[in-house]
Amino acid sequence: MGRVNADCDACMCEDVTLHGKVSLEDGSPAADARVYLQAKKLKLLTTADNKGTFRIPGVCPDGKNTLKIKKAKYATAAVTVPETNRRNLALQVQLQRSGKPYIVKSPDDKARRVGQSVALCCDAVGTPAPDRYLWYHNGSLLDPSIYKYKNNLILKNLNRGQAGEYFCKASSDGGSAKSQSAKLSVVGRQEAACNPQPQSHLIRLPHDCFQKATNSFYYDVGKCPAKTCVGKLDKGLRCKDNVAYCCGASKMETREIPCNGYTLPTKVTVECGCKKCTETRITVRGRATAADNGEPLRFGHIYMGNKKVSMTGYKGTFSIPIPADTERLVLTFVDRLQKFVNTTKVLPFKENGGAVFHDIKLLRKKAPVTLESTETNVISLGEMEDDDPIAELEIPPDSFYRKNGELYRGKVKASVTFLDPRNISTAAVTQSDLNFVDEEGDVFPLRTYGMFSVDFTDERGTESLNAEEVKVHLDTAQIKMPEHLQEMKLWSLNPETGLWEEEGDFNLEKSRRRKREERTFLVGNMEIKERRLFNLDVPENRRCYVKVRAYRSERFLPSEQIQGVVISVINMEPEPGFSSNPRAWGRFDSVVTGPNGACVPAFCDEQNPEAYTAYILASLGGEELEAVSSAPKLNPNAIGVPQPYLNKLNYRRTDHEDSNTKKTAFSINMAKPSPNSADENNGPIYAYENLKECEEAPYSAAHFRFYRIEGDRYDYNTVPFSEDDLMSWTDDYLAWWPKPMEFRACYIKVKINGPQEVNIRSRNMGGTHPRTIGKLYGIRDVRSIRDSEQRDVSAACLEFKCSGMLYDQDRVDRTLVKVIPQGSCRRESVNSMLHEYLVNHLPMATNNDSSEYTMLAPLDPLGHNYGIYTVTDQDPRIAKEIALGRCFDGTSDGTSRIMKSDIGVALTFTCSERSAAEQSIFESQRNSGQQSIVVPPPPRESPAFQRQMESRRITQSRVPMRGQRPSSY
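The model shown is predicted, which means the values in this text are computed figures rather than measured ones.

Peer 1: Quick one: what's the story with the nonpolar core, residue by residue and with numbers?
Peer 2: It is characteristic of soluble globular proteins that their nonpolar side chains tend to be buried jointly. Counting 75 residues, the largest nonpolar core has Phe452, Phe456, Leu536, Ile567, Met670 and Phe704 as the members making the most contacts within it. The residues contacting Phe452, other than those within four sequence positions of it, are Leu381, Leu393, Val416, Thr417, Phe418, Leu490, Met526, Arg532, Leu533, Phe534 and Leu536.

Now the structure itself:
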């Protein structure tokens, strides 16, 4: 078809004309896009006009000619001219914004025996699509010519030398990205898949079960670490093993622990083995509220990438199940009423199952101002009192365009909302996690000098407008670290990946005048089209990790560590001269504690310990945890960091100067550990390259600590289980929670008539199941809470084990529940509806002792009219928290932190006053708290009660007072 052109590299059809149009992702024209003919060398044919249209005569429609369309910041599009006999052809091409690859599937941890085979898989997406994959073993590149891999790596006839860490690197013309590392374990053909020896694991015994042999209230029940192990493999090589195997308890023994007047059964792990991993579900919960006044985001949309996955409720709450294999959870919160800026967050979650609660803070949109599109407009960024703006946006005349590329003339409504890092209260509003991917595919942090969200519409507010040739003038006087002047860049947020991508550089401009004084500015150029959220940032390579652990009490026992705690760090920028009073924050990060605490990233400096400071805080279920005190003097044993390093870090709890301040955070100097100092190379600060050392640090290594104010309750399970670690669940008939993916919490409300608060116990035993009848599931102790309006009335919400199927799901058990108030008490009444239900659902438990109450727990969920409160959830702590809230409120759908003693009651007791010499359960526990098992390092049993009472008086805004319920977390 046609004739050969002058270069003899393509055919020409002189009577054919090709008409084309190039648009961007949002439909706006791709002005100045260049159109090439694919030949031996790309040949530029034409350039699109400002409407995105182009015309090319002479291109033969033979189905063999390929055009390539290019535009800066967009992926090259290739389109073949279709075969046809028509002389006028029309083509439409849409360009996609170019970006680096994004890993959507990293290889899984796997375990194999010598001689077996394994498949490790990796997958990435992007525009353009990744077309090259490289695999690395322990940091060294595997030769593609030998291993013949693409995105999947197959290793056959394994030997021990092939054990280690593997990751892949995906590349395209847009850049590269690296996957997370997977650990491959290789054991001998006859070697045990797991270490059969259990680890030590201490559980706390009831108040009346002091062990003279160990001089403590603790008993070692052992546990097996839930790590990947070699199980039965099916035929074929798969990216994901059909069945996941983990080390777990393969043999347990029942031990009888002597207590005061009774024996307490417990299951002790005596041998570990390889078994199927416990299946769990992962959930992220939280609430989204305004940062300024707490107004909830009502019925807002929540997106994961481009897919809407949920909505917030009336109070801004949300709950999102996390899909399997999710590595990076990126959620965008969108306000339908447009009162708040669209907010993209990267939320950490518990990979081993369960729920994590996140408090999402939203930035309120700035009220729009009216601009004239035909005039130069200047918008200030930053409004701190007694300080200049950080930057300005300059919009030249005739810079606004409609989505179809047509120049817009008229009034413009402009809403530009700036997140000012000079205001520390805005740190939690930070979008994303302030990371970017470099050319090698490594993730690096950014230090922000401010973020701004841009919204331009027509005068009626119905049509969104684009803006071109916008200038950003950044005041160099606001950049206190001189080295940052050369590294400053303008970034935009990719809402699908939560990563920041480079928009452009800044140039120094010394001639700009403002307020009659000469100022120096960094000037950058930008276009406002598809993306509307921008960032003034510099990459920062001075990085470290801080080791933090959270505990259930001030005893700081290894067995009392809490998982699922959100640890947050606010990186501060110092004043010139490295003053201890910082002027602005530069970065906000969050991580979640696992079984070995958490490693929080933060900026640090090796030369000067005061160059960077950081505030660190912790929360669990929306409640802040308490940091260890720094006044009147530092206690290294309590803080968890030895001297003299502790002094160098300048540890200060937030109430160090003012005792009325909340005690829920601490500040430290981010002094990078000196490699020549032994004292500084055992935590709590780790160099960035030593992340693995930080993650695997033993309990004895230095670390910072948070703890909960211990509530007046006690839980004991015959089969040990940590509600923070769902993988610790054991398939046993006496397990308190029979299913690891569904947790049902049950509470009964007990009213006490009497002058004192009373401690109440529920003793829960098998009632009707032949495997468990007469055997103990567990014990729950709680202290009643005084009614704020009635002097001689208190009430308690007491947990009991729900009736229902046991772990084998074969038949139900009606739990035999005995409610026992401590002291001289007499049962006055039983809720009439509860009594009637139990009479009608035989068998009926006998109640000959008027000082207690016994029932075969109902199978039905019942409700507040019966004084029974039941909630089912995928996380045990969430289920208990919701059920407690309803029980306190005395309703089946409400919640309260104040105990309502007369509403929704199941049982009423009258109790006489105790003698002065008689101790309560919890007083006994506290007064005996000085006794403990000696483990390295020795747990400190400080007189916590007095300090808790004192801290409750001081921090009334945070810690539940008498009559309020503490968080069940």
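Peer 1: Tell me about the sheet that holds strand 24 (residues 301–304), and name the residues and values.
Peer 2: Two modes of strand pairing occur in sheets, parallel and antiparallel, and in both the strands are linked by backbone hydrogen bonds. Strands sit in the order 25-24-27-28 across an open sheet of four strands; the sheet is antiparallel. Edge positions in the sheet fall to strand 25 (307–311) and strand 28 (343–346), since each has one partner strand and no second. Adjacent strand axes in the sheet meet at a mean angle of 30°, parallel and antiparallel pairs treated alike. Looking at chain direction, strand 27 (residues 330–334) and strand 28 are connected through four bridges and run antiparallel. Looking across to strand 28, one finds that Val330 is bridged to Val346.

Peer 1: Residue-level account of unusual backbone geometry, with values.
Peer 2: The omega torsion of the bond from Gln643 to Pro644 falls at 5°, within 30 degrees of zero and hence cis. Structurally, Pro644 can be placed in the loop between helix 3 (636–639) and helix 4 (645–649). One non-glycine residue, Phe299, lies in positive phi territory at about 55°. With respect to the helices, strands and loops of the structure, Phe299 is situated in the loop between strand 23 (282–290) and strand 24.

Peer 1: Quick one: what's the story with the sheet that holds strand 56 (residues 713–717), residue by residue and with numbers?
Peer 2: With respect to topology, five strands assemble into an open sheet ordered 56-59-58-64-66, the strand pairing being antiparallel. Each of the sheet's edge strands pairs with one partner strand only, and the pair in question is strand 56 and strand 66 (853–856). Within the sheet, the average angular offset between the axes of one strand and its neighbour, ignoring direction, is 10°.

Peer 1: Quick rundown of the pairing of strand 6 (residues 66–71)? Include the residues and the values.
Peer 2: Bridge count for strand 3 (residues 34–37) against strand 6 is four bridges, and the pairing is antiparallel. Each bridged residue has a counterpart across the sheet, and for Arg34 the counterpart in strand 6 is Lys70. Two strands pair when backbone bridges link them, and strand 6 and strand 7 (residues 74–80) are joined in this way by five bridges, in the antiparallel orientation. By the bridge assignment, Lys68 is partnered in strand 7 with Ala78. Connecting strand 6 to the antiparallel partner strand 7 that follows it, the hairpin turn spans two residues, and Lys73 within it adopts a positive phi of roughly 75°.

Peer 1: Describe the environment of Lys71, and please don't skip the residues or the numbers.
Peer 2: One can find Lys71 in strand 6. Each C-alpha atom, one on Lys71 and one on Ala31, is 8.7 Å from the other, the two residues being 40 residues apart in sequence. One polar contact links the side chain of Lys71 to the main-chain carbonyl oxygen of Ala31, over a distance of 2.8 Å.

Peer 1: Outline the environment of Ser319, supporting the account with residue identities and numerical values.
Peer 2: Within the element layout of this structure, Ser319 appears in strand 26 (residues 317–321). Each C-alpha atom, one on Ser319 and one on Ala355, is 9.1 Å from the other, the two residues being 36 residues apart in sequence. With sequence-adjacent residues up to four places away left out, Ser319 is seen in contact with Thr283, Val284, Arg285 and Ser310. Here the side chain of Ser319 touches Arg285 through a polar contact of 3.2 Å, side chain to side chain.

Peer 1: Tell me about the state of the cysteines, and please be specific about residues and values.
Peer 2: Evaluated as defined, the whole model comprises 13 disulfides. Disulfide pairing places Cys224 opposite Cys272 at an S-S distance of 2.0 Å. One disulfide, between Cys224 and Cys272, carries an S-S torsion of -90° and so falls in the left-handed class. Here Cys224, found in the loop between strand 20 (218–220) and strand 21 (245–258), pairs with Cys272, found in strand 22 (residues 263–276); they are 48 residues apart in sequence, far enough to count as distant. Of the residues examined, Cys272 reaches a relative accessible area of 5% and is grouped as buried.

Peer 1: Got a sec to walk through the pattern of salt bridges? Specific residues and values, please.
Peer 2: Applying the stated criterion across every chain, the model contains 58 salt bridges. Salt-bridge contacts for Arg112 lead to Asp241; the nearest nitrogen and oxygen are separated by 2.9 Å. Of this pair, Arg112 sits in strand 10 (residues 110–113) while Asp241 sits in the loop between strand 20 and strand 21, and the two are 129 residues apart along the sequence. Overall, the relative accessible area of 26% leaves Asp241 in the partly exposed class. With a closest N to O distance of 2.7 Å, Lys751 and Asp902 form a salt bridge.

Peer 1: Can you tell me about the packing of aromatic side chains, naming the residues and giving the values?
Peer 2: As enumerated under the stated definition, the model contains 21 aromatic pairs in all. On the numbers, 5.4 Å between centres and 15° between planes, the contact of Tyr545 with Tyr688 is stacked. Placement of the pair is Tyr545 in strand 45 (residues 543–551) and Tyr688 in the loop between strand 54 (685–687) and helix 5 (691–695), with a sequence separation of 143 residues. Overall, the relative accessible area of 29% leaves Tyr688 in the partly exposed class. Where Phe603 meets Tyr612, the ring centres are 5.7 Å apart and the plane angle is 55°; that geometry is what we call tilted.

Reading guide: rules and limits
- Chains are numbered independently. Their residues run from 1 in the order of the written sequence.
- Two thresholds apply to this predicted model, a pLDDT of at least 70 for residue-level local features and 80 or more for giving and counting side-chain atom pairs, whereas whole-chain, interface and lining totals are computed over all residues.
- In computing side-chain properties, one takes all heavy atoms of the structure into account and sets aside hydrogens as well as water.
- Residues enter a nonpolar core if they are buried and are Ala, Val, Leu, Ile, Met, Phe, Trp, Tyr or Cys, with the set joined through side-chain atoms within 4.5 Å.
- Residue burial is assigned from relative accessible area. The probe radius is 1.4 Å, only protein chains are included, and a residue is buried under 20% of its type maximum, exposed over 50%, and partly exposed in between.
- It only takes one pair of heavy atoms within 4.5 Å for two residues to be counted as in contact.
- Note: two strands are recorded as paired if DSSP finds a minimum of 2 bridges between them.
- In this description a helix means any DSSP run of H or I spanning at least four residues, a strand means any run of E spanning at least two, and both kinds are numbered starting from the N terminus.
- Axis angles are defined between N-to-C directions and span 0 to 180 degrees, where every axis is a line fitted to C-alpha atoms and, for a helix, only to the segment in contact.
- Whenever a nitrogen or oxygen atom comes within 3.5 Å of another N or O atom, the pair is scored as a polar contact, on the condition that within protein one atom can donate a hydrogen and the other can accept it, and that pairs from neighbouring residues in sequence are kept only if both atoms are in side chains.
- Here, the term disulfide refers to a pair of cysteine sulfur atoms separated by no more than 2.5 Å.
- Put simply, a salt bridge is a Lys or Arg side-chain nitrogen that is within 4 Å of an Asp or Glu carboxyl oxygen.
- Note on aromatic pairs: the rings of Phe, Tyr and Trp (six-membered ring only in Trp) are paired at centre separations within 6.5 Å, and the planes decide the class, stacked below 30 degrees, edge-to-face beyond 60, tilted for the rest.

From the geometry alone we can't say anything about function, so treat these as descriptive.
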